[in-house]
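Residue-level structural notes
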Amino acid sequence: MAKEKWVLDAAHSSVDFSVKHMMISKVKGTFHTFDATIEADPTDLTTANIDFVVDLASIDTRNQDRDGHLKSADFFDVEKYPKLTFSSTKIVKTRDNEYDVIGDLTIHGVTRSETFKVELVGLSKNPMTGAETAGFSVSGQINRSNYGLTWNAALETGGVLVGNEVNISLELEATKG
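Per-chain numbering applies: the sequence of each chain, read as written, is numbered from 1 onward. In keeping with the predicted nature of the model, local features appear solely for residues at pLDDT of at least 70, side-chain atom pairs appear and are counted solely at 80 or more, and the whole-chain, interface and lining totals rest on all residues. Processing note: side-chain calculations cover all non-hydrogen atoms of the structure and skip hydrogens and water entirely.

Looking at the layout of surface pockets
For the record, the criterion: For each structure, a 1 Å grid was placed over the protein atoms alone; sets of points admitting a 1.4 Å probe that cannot get out are labelled cavities, open sets with protein on both sides within 12 Å along at least five of seven lines are labelled pockets, and lining residues have an atom within 4 Å of a point. Grid points are joined across faces, edges and corners, and a volume is the space filled by probe spheres set on the points. In this description a helix means any DSSP run of H or I spanning at least four residues, a strand means any run of E spanning at least two, and both kinds are numbered starting from the N terminus. All amino acids are sorted into three groups, where Ala, Val, Leu, Ile, Met, Phe, Trp, Tyr, Cys and Pro are nonpolar, Asp, Glu, Lys and Arg are charged, and the leftover types, Gly among them, are polar.
Size it by volume and the largest pocket reaches roughly 810 Å³. If you trace the largest pocket, you find 41 residues lining it, with Asp16, Phe17, Phe31, Leu84 and Ile168 closest to the centre. In terms of residue count, strand β2 (residues 14–21) provides more of the lining of the largest pocket than any other element does, six residues in total. Of the residues contributing to the lining of the largest pocket, the split by class is 34 nonpolar, three polar and four charged.

Considering the nonpolar core
If you look at soluble globular proteins, the nonpolar side chains tend to sit buried side by side. We apply this condition: Take the buried Ala, Val, Leu, Ile, Met, Phe, Trp, Tyr and Cys residues and link them wherever side-chain atoms come within 4.5 Å; each set so joined is a nonpolar core. Only protein chains enter the accessibility calculation, which uses a 1.4 Å probe; a residue whose area is less than 20% of its type maximum is buried, one above 50% is exposed, and one in between is partly exposed. Here, two residues are considered to be in contact whenever any of their heavy atoms come within 4.5 Å of each other.
With 43 residues, the main nonpolar core has Phe52 and Phe76 as its most contacted residues. It is strand β11 (residues 162–176) that contributes the most residues to this core, six residues altogether. The contacts of Phe76, once residues within four sequence positions are left out, are Phe31, Leu56, Ile59, Leu70, Lys71, Tyr81, Ile107, His108 and Leu149.

Focus: the pattern of salt bridges
Where we set the bar: Should a side-chain nitrogen of Lys or Arg be within 4 Å of a carboxyl oxygen of Asp or Glu, the pair is scored as a salt bridge.
Scanning all chains against the criterion turns up four salt bridges. Put simply, Glu4 and Lys176 hold a salt bridge, and the shortest N to O gap is 3.2 Å. With Glu4 in strand β1 (residues 4–8) and Lys176 in strand β11, this pair connects stretches of sequence that are 172 residues apart. On the basis of relative accessibility, which here comes to 30%, the residue Glu4 falls in the partly exposed class. Judged by its relative accessible area of 29%, Lys176 is partly exposed. Where Asp100 meets Lys117, a salt bridge forms, and the shortest distance between an N and an O atom there is 2.8 Å. Here the residue Asp100 occupies a position in strand β8 (residues 98–107), and Lys117 occupies one in strand β9 (residues 110–125), the gap between them amounting to 17 residues. Looking at Lys117, the relative accessible area reads 46%, which means it is partly exposed. The network of salt bridges with shared partners includes Glu4, Glu132 and Lys176.

Set out below in structure tokens:
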């Protein structure tokens, strides 16, 4: 296949994360508003161009107070830094249908190189539209303090309230077009 434009199907995609809470459990959350610009041959992602943007105000951890705190200047400061962006810079095939996607991740005004594992889950023709559709699973981990997201509280039993390592998981569906 040749490199072509693919349109993200947000209704069949998700952007999720988890982070340690109180050193004993994980809090999970999602972002409801996101988009991508993808130019790729899904059978060989090594030449792809991928740009991803997340509206940080769309965060949802199933707790309005916590969501409000995460949107505040203590964390994302969405008034000043409303978007998270990722732009691929290099893609390396690691196994059949699996890739390391390296790129520039920008959060809170800080840009760093990060690597995410991407698996082409499959290709199919959408029975409703007839359009060729690709599915991808993405995973990775970032250190939030590398992006200036350093708010925390010490626990009287030792440790901190919020972990530094943030696990990221995306399920993406895109249609050729």
